[in-house]
Amino acid sequence: MQGRHWIVGGILVLAVVGAYILGIHVSVPPAPGSAPRPREGLSAMLDRTLAGSSSAAGSAPAEQNQTATAAPGGADSGFGFANVEALARQRSQQTYEAGSAKLPPAIAHLSYDQYQSIRFRRADALWRNQSLYEVQFFHRGFNFDRRVAISEVVDGTPRPVPYNPAWFDFGKVVRQPGKLPRDLGYAGFRIHYPLHTPGYKDEVIVFLGASFFRVLGRNQEYGLTARGLAINTASKGGEEFPWFTDFWLVRPTDPEQRTLTLYALLDSESITGAYQFSVRPGGTTQVEVTSTLYPRRNIQKLGIAPLTSMFLFGVDPSGHRFDDYRPQVHDSDGLMAQTGTGEWLWRPLSNPRELRINRFMDQQPRGFGLIQRDRDFSHYQDPVANFQRRPSYWIQPLGDWGKGGAELVEIPTDEAIHDNIALYWVPEQPVTSGKELHFSYLLSAHSDSPEWPPGAKTLATRITAATPDEQRDLSRSDVRRVIIDIGGGDLAGLDASQPVKALLTVSGGTTENVTVERLEENGVWRVSFLVVPSHPHDTVDMHCFLQLYGESLSETWTYQLTT
């Protein structure tokens, strides 16, 4: 399980394969206290599904010249974000060049295990014993064959970090590392910080492969992944993967400096971008991301602040089609969002039998993310993977993102080695060549937050077949029973006699036998109802929240049921 995402702390880059035809369901969240009214539409041909490979032919950007440390214009006060913007703008006006220099034979064909055995020597870390931060580098090899330019910014001046094979322990993989090319370079890097003890610096953020990066807070273990940008994910023409080709790490000026700044240059066939990352580690590590994007050409679908995760199966018995001793296997168990109107949404994740895409329409969103809500070890029973310690990533837009939607992609998978969940924001306005774009947001790596949401939240969703009597009464064999457990917030203190109501709306079907009751054993409120699809094999969209005397008590649960 540990090899699924990480190779010496790195990740496998997502690729897309296969072919599906389905509708993209577009949900419009309701105003607080009102019954939701989802709408559907916009069918599309989807010809690829996610897999856990590291590269796809023609999808990766070119390896650029490793001399992008010189800053054109505006450098009087030292190298900064404006310089990276200038470089990105300049590159966007040039022809994109695909390809990468070949690796030398000694490391060109490494297996996963061989690559994993190459270790960076901690004693050679950048800034070691000089600040709270240290930087270690990843060697090129295996699927991480692309070179990225890495520079250190010292007193406002960028300086390339030279490649040094002596900084690595190659074990038995490379017998004569001294003969490796002196300009071989690095595949990526990881930044360390004393999260738990002053004597050891833990990984807090890692950049390796395409535009992927991962963030950790205290007492967390790697799970889901963030990306710089997503282009045409789950679209007819196939996904394009931008790469961070250049990085500038700003050396801390104070040994006790808590916030670290780094810059990155992104490039692909369709777009270039300038990025600034301000990293602040802690119990909840936060990364403020500032980006300016320069499209080379029109883009069908641009994904802002993309996240990817793994969901094999959860508490819902209908998803237990695997021979596995563990009760649940997932890095994230739900999509959570706070809309521009302030309403909180919860969408349990699923591992569908067919590819699903849902877009939750909004305006000026307050936040969204992929959440690992269940923190009980007994619900996973895996002392190696420790799913209960996987972080939740919350995206808080900074500034006005306007109209658009958070798009959730769920891809069928039979193995936990694949990231089969994707989430990103799609702006309503089309992306056109030459039109500069700006997006900033705060990414927080949470373990938990009592404010998520401030009211009651969904604890479990279970789908099962109706009983024979219920099927007979409704004259349908495809009737399903849905059970939602909701707890916390003001619900926790309510007496069982209170007339709590479930405000439930359904598109594509009807509901029968809706009940709401408080479970005496644990104080959780349970909503139960039957779902009857309008037509056999219809997809049914459902929304539900709890209300007492007109007061909304819970987040809005939303789910898509395939009958």
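Residues numbered from 1 in each chain as written. Predicted model: local features only at pLDDT ≥ 70, side-chain atom pairs only at ≥ 80, totals over all residues. Heavy atoms only, no water.

Turning our eyes to something else, we now look at empty space enclosed by the protein. Scanning the model with the defined rule gives 8 cavities of 30 Å³ or more in all. The volume enclosed by the largest cavity comes to roughly 80 Å³. Lining of the largest cavity is provided by 13 residues; of these, A337, T339, F360, D362 and A406 occupy positions nearest its centre. Mapped by element, the contributors of at least two residues to the lining of the largest cavity are β22 (334–338), β24 (356–363) and β25 (367–371). (1 Å grid on protein atoms, 1.4 Å probe; cavity = no way out; pocket = protein on both sides within 12 Å on 5 of 7 lines; lining within 4 Å. Points joined across faces, edges and corners; volume = space filled by probe spheres on them. Helix = DSSP H or I, 4+ residues; strand = E, 2+ residues; numbered from the N terminus.)

Moving on to the pattern of salt bridges. Applying the stated rule across the entire model yields 23 salt bridges. Linking E410 and R347 is a salt bridge whose minimum nitrogen-to-oxygen distance equals 2.9 Å. Of this pair, E410 sits in strand β27 (residues 403–410) while R347 is found in strand β23 (residues 344–348), placing the two residues 63 residues apart along the sequence. One salt bridge connects R472 with D469, and the closest N-O pair in it is separated by 2.1 Å. With R472 and D469 both in helix α3 (residues 468–474) and 3 residues apart, the pair spans about one turn of that helix. Taken together, the shared-partner salt bridges in this structure form one network comprising R91, D246, D267 and R296. (Salt bridge = Lys/Arg side-chain N within 4 Å of Asp/Glu carboxyl O.)

This part is about the pairing of β25. Extensive coverage of β25 is indicated by the burial of 5 of its 5 residues. Alternating residues of β25 divide into G367, G369 and I371 and F368 and L370, and every residue in both groups is buried. (Buried < 20%, exposed > 50% of the residue type's maximum accessible area, 1.4 Å probe, protein only.)

Turning to the sheet that holds strand β33 (residues 509–518), a few remarks are in order. Spatially, β30-β31-β34-β33 is the arrangement adopted by the 4 strands of the open sheet, whose pairing is antiparallel. Each edge of the sheet is formed by a strand with only one pairing partner; in this case those strands are β30 (457–465) and β33. Each neighbouring strand pair of the sheet contributes to a mean axis angle of 20°, computed without reference to strand direction. (Pairing = 2+ DSSP bridges. Axes fitted to C-alpha atoms, helices over the stretch in contact; angles between N-to-C directions.)

What follows is about the layout of surface pockets. In this model, the largest pocket occupies a volume close to 1000 Å³. Lining the largest pocket are 45 residues, with D316, S318, L349, S350 and Y559 positioned closest to its centre. If you list the elements that add at least two residues to the lining of the largest pocket, you get β2 (20–27), β20 (311–313), β23, β24, β30 and β37 (556–562). Residue classes in the lining of the largest pocket are distributed as 18 nonpolar, 16 polar and 11 charged. (Nonpolar A, V, L, I, M, F, W, Y, C, P; charged D, E, K, R; others polar.)

In terms of nonpolar packing, the biggest core is built from 85 residues, with F137, F277 and L302 touching the most fellow members. If one sorts the elements of this core by residue count, strand β10 (residues 186–197) sits on top with 6 residues. Each residue touching F137, except ones within four places of it in the same chain, is listed here: F120, L126, I150, V161, W167, F168, Y186, G188 and F189. One finds M336, W346, V527 and F529 within the second-largest nonpolar core, a separate group that totals 29 residues. (Core = buried A, V, L, I, M, F, W, Y, C linked by side-chain atoms within 4.5 Å. Contact = heavy atoms within 4.5 Å.)

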